[in-house]
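Understanding the architecture of this molecule
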Amino acid sequence: MKAAVLTKFGAIENAFEIKEVPNPILKEGQVMIKTEGFGLNFADIMAIQGDYKDCPPLPAIIGYDVVGEIVETKGDCGSLKVGDRVTAMTRFGGYAQLVASENLACAKIKKDYAVGKAMAFTTQYSTAYYCFNEVQNLHKGDKVLIHAAAGGVGTALVQMALDRGCEIFGTCGSQEKIEYLKSLGVHHPINYRTQDFYEEVKKINGDYGLDAVFDAVGGSSAKKGFKLLGSGGNLVLFGASSITGANIIGKLKMAAGFGMYHPLGFVMTSKAMIGVNMLRIGDDRPLVLKRCLEDVVTQVEENRLDPTVSKIFKIDELTEALNYLRSRKSIGKVSVLW
Ligand SMILES: NC(=O)c1ccc[n+]([C@@H]2O[C@H](COP(=O)([O-])OP(=O)(O)OC[C@H]3O[C@@H](n4cnc5c(N)ncnc54)[C@H](OP(=O)(O)O)[C@@H]3O)[C@@H](O)[C@H]2O)c1
């Protein structure tokens, strides 16, 4: 099979070799998927830059999302069978024509469902689903702040919050994204390049604290978000994109920007900070991942969620695709097809 193999950390242009590699070998409970392509995630950019701790040693096949057809199964794979079209969260190995996936990390999809949308179900929508539905319980009228709201996970969180009837503050970095957020129905879109999101939320919301903040930017963004929470509020922290491209001083500043916390402070203020890593959930709680994925598919079928396709590239445009995601211009999901 062919795969895009990450051979060098650093510049995207020199990072990959697209070449023949041995087919994966199935383990019990796994399915082999002949992929139509793979989805890109911001974590791929961090991995290429050498900033992603979970990335396997090089040479490595990265990538978390694939869509394709099951061509082989081994052992008990539940209801999955050869010929099913699935989307799968692969936890690396996704940038390849054949992928061995745990059956619990797959969800069946319709044969004619748009590939670019199905790519978003796994990492981005299931992470958003877990952050929104599994680690807390939000209600109609609750006020939520979503950072990078026009991105892949951000769009998913916005749609879930709208579905629940929450009031949404959404940040993004361009006027084009502001228009996109308005079109989704975000009540208070904030361009953080022209407005301080902390001051803006305070201005609109007064002293009534937020019920939830979803933050994958990290550093001082998380510190400010935590200050915006009201009693009973949660800050769900699921990334640290502000580390991107930073040198060691920048990384230290980012780490210090989070601020210092003591557990008793959480008790006294009745506020929480919740960390989420879907790789850990997928590895250690596969049934939870399965539940998230299946609920995402169900909610898409019920027209409650509808992933936005940013762009679909061909495999020989992999560099352009990754540069596009890194440029922060993408809105929704970016994918690459074989
Ligand atoms: N913990 C988990 O399991 C998990 C799973 C999936 C994703 N994530 C995290 O969720 C975040 C979103 O992932 P995604 O794949 O959906 O990407 P994405 O949101 O589609 O793209 C990344 C966006 O982040 C925003 N951003 C804010 N600060 C940034 C910075 N310093 N450098 C670069 N971009 C910055 C940019 O939008 P604006 O400029 O408009 O803000 C950019 O477009 C990432 O941090 C990712 O690592 C975590």
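Only a predicted model underlies this, so the values are computations on that prediction, with no experimental measurement involved.

Parameters at a glance
Within each chain, residue numbers correspond to sequence positions counted from 1 in written order. At least 70 in pLDDT is required for a residue's local features to be given in this predicted model, at least 80 for side-chain atom pairs to be given and counted, and no such filter applies to totals for whole chains, interfaces and linings, which use all residues. Computation of side-chain values covers all heavy atoms of the structure but excludes hydrogens and water. We count a stretch as a helix when DSSP gives it H or I for four or more residues in a row; a strand needs E for two or more, and each element gets its number in order from the N terminus. Only the C-alpha atoms count toward the radius of gyration. The rule for a globule is 2.2 Å times the residue count to the power 0.38. Exposure categories follow from relative accessible area, calculated using a 1.4 Å probe and restricted to protein chains: below 20% of the type maximum is buried, above 50% is exposed, and the middle band is partly exposed. Note on definitions: a residue-residue contact is assigned when non-hydrogen atoms from the two residues lie within 4.5 Å. Working definition of a nonpolar core: buried Ala, Val, Leu, Ile, Met, Phe, Trp, Tyr and Cys residues. They are joined through side-chain atoms within 4.5 Å. Domain segmentation is taken from an automatic or database assignment of domains. A cutoff of 4 Å decides nearness: a residue is near a molecule or strand if any of its heavy atoms lies inside that distance of it. Polar contacts, as counted here, are pairs of nitrogen or oxygen atoms within 3.5 Å of one another; within protein the pair requires one atom able to donate a hydrogen and one able to accept it, and residues that are adjacent in sequence qualify only if both atoms are side-chain atoms. Every accessible area reported is derived by Shrake-Rupley at a probe size of 1.4 Å, with residue values counting cover from the shown protein chains alone. Note on residue categories: nonpolar means Ala, Val, Leu, Ile, Met, Phe, Trp, Tyr, Cys or Pro, charged means Asp, Glu, Lys or Arg, and polar means any other residue, Gly included. In short, buried area is how much 1.4 Å probe accessible area vanishes from two parts on joining, totalled over both. Only when DSSP finds a minimum of two bridges between them are two strands counted as paired. Simply put, an axis is a line fit to the C-alpha atoms, just over the touching stretch for a helix, and the angle between two N-to-C directions goes from 0 to 180 degrees. In this analysis the probe radius is 1.4 Å and the grid spacing 1 Å, with only protein atoms considered; a cavity is a set of points the probe fits into but cannot get out of, a pocket is an open set with protein on both sides within 12 Å along at least five of seven lines, and lining residues have an atom within 4 Å of a point. Grid points are joined across faces, edges and corners, and a volume is the space filled by probe spheres set on the points. In what follows, roughly perpendicular refers to angles from 65 to 115 degrees, roughly parallel to angles under 35, roughly antiparallel to angles over 145, and oblique to any angle outside these ranges. Crossings are classed by handedness, with left-handed meaning an anticlockwise turn of the near helix from the far one by less than a right angle and right-handed meaning a clockwise turn. Residues enter a patch when their relative accessible area is above 30% and they make no salt bridge; the linking distance is 9 Å between like charges and 5 Å between nonpolar side chains (Val, Leu, Ile, Met, Phe, Trp, Tyr). When a carboxyl oxygen of Asp or Glu is within 4 Å of a side-chain nitrogen of Lys or Arg, the pair counts as a salt bridge.

Looking only at helices and strands, the protein features 11 helices and 15 strands. Computed over its C-alpha atoms, the radius of gyration of the protein comes to 20 Å, within 12% of the 20 Å expected for a compact globule of 338 residues. For the protein, the spread of C-alpha atoms along the three principal axes comes to 60 × 45 × 40 Å. Per-residue burial over the protein gives 53% buried out of 338 residues. Taking as baseline every contact in the protein between residues at least 6 positions apart, the subset at least 24 positions apart corresponds to 69%.

This brings us to the nonpolar core. As a rule of thumb, nonpolar side chains are buried together in soluble globular proteins. One finds Phe16 and Phe214 to be the most contacted residues of the largest nonpolar core, which totals 97 residues. The greatest single-element share of this core, amounting to 11 residues, is contributed by helix 2 (residues 115-134). When residues of this core are assigned to domains, at least three fall in each of domain 1 (2-124 + 285-337) and domain 2 (136-275). Apart from the residues within four sequence positions on either side, Phe214 is in contact with Cys131, Phe132, Gln136, Leu138, Val144, Leu145, Ile146, His147, Leu157, Val236 and Phe238. Formed by 18 residues, the second largest nonpolar core is a distinct cluster that contains Ile190, Tyr198, Phe226 and Phe258.

What follows deals with the site of the ligand. The local shell around the ligand holds 23 residues, among which Gly173, Tyr192, Phe238, Val276 and Met278 are the closest. The contact in question runs from an oxygen atom of the ligand to an N or O atom on the side chain of Gln124, over 3.0 Å. A distance of 2.7 Å separates a nitrogen atom of the ligand from a polar backbone atom of Phe238. Protein burial of the ligand: of its 900 Å² of free accessible surface, 91% is covered by the chains. Elements supplying a minimum of two residues to the shell around the ligand: helix 2 and helix 3 (152-164). Looking at the shell around the ligand, the element that brings in the most residues is helix 2, giving 3 residues. Taken together, the residues of the shell around the ligand sort by class into 10 nonpolar, 11 polar and 2 charged. A domain-level breakdown of the shell around the ligand finds at least three residues from each of domain 1 (2-124 + 285-337) and domain 2 (136-275).

This next bit is on the domain arrangement of the protein. Structurally, the protein comprises domain 1 (2-124 + 285-337) and domain 2 (136-275). Each of domain 1 and domain 2 was reduced to a C-alpha centroid, and the two centroids are 27 Å apart. Taken together, the contact between domain 1 and domain 2 spans 16 residues of the former and 20 residues of the latter. The largest contributions to the domain 1 side of the interface with domain 2 come from Gln124, Arg328 and Ile331, which together make up 35% of the buried area. Linking domain 1 with domain 2 are 7 residue pairs in polar contact (both at pLDDT 80 or more), by the criterion used here. The element contributing the most residues to the side of domain 1 that touches domain 2 is helix 1 (residues 42-48), with 3 residues.

Our next topic: the sheet that holds strand 9 (residues 167-172). The strand order 10-9-8-11-12-13 describes an open sheet built from 6 strands, whose pairing is parallel. In this open sheet, the two edge strands, each paired with only one partner strand, are strand 10 (188-191) and strand 13 (272-275). When strand polarity is set aside, the average angle formed by the axes of neighbouring strands in this sheet is 15°. Bridge count between strand 8 (residues 143-146) and strand 11 (residues 210-215): 3 bridges; the pairing is parallel. Across the sheet, the residue bridging to Leu145 is Val213, located in strand 11.

Take a probe with the size of a water molecule and roll it over the atoms, and the empty space left behind shows itself. As a volume, the second largest pocket reaches approximately 180 Å³. Partitioned by chemical class, the residues of the lining of the second largest pocket number 4 nonpolar, 3 polar and 3 charged.

At a minimum axis separation of 10 Å, helix 5 (residues 197-205) and helix 6 (residues 220-228) run at an interaxial angle of 15°. Taken together, the axes of helix 5 and helix 6 are roughly parallel relative to one another. Where helix 5 crosses over helix 6, the two elements pack in a sense that is right-handed. Judged by residue contacts, Phe197, Tyr198, Val201 and Lys202 of helix 5 engage Ser221, Lys224, Gly225, Lys227 and Leu228 from helix 6.

This part covers a nonpolar patch on the surface. Judged by side-chain polarity, Ile248, Ile249 and Leu252 come together as a nonpolar surface patch covering roughly 330 Å² of accessible area. Structurally, Leu252 can be placed in helix 7 (residues 248-257).

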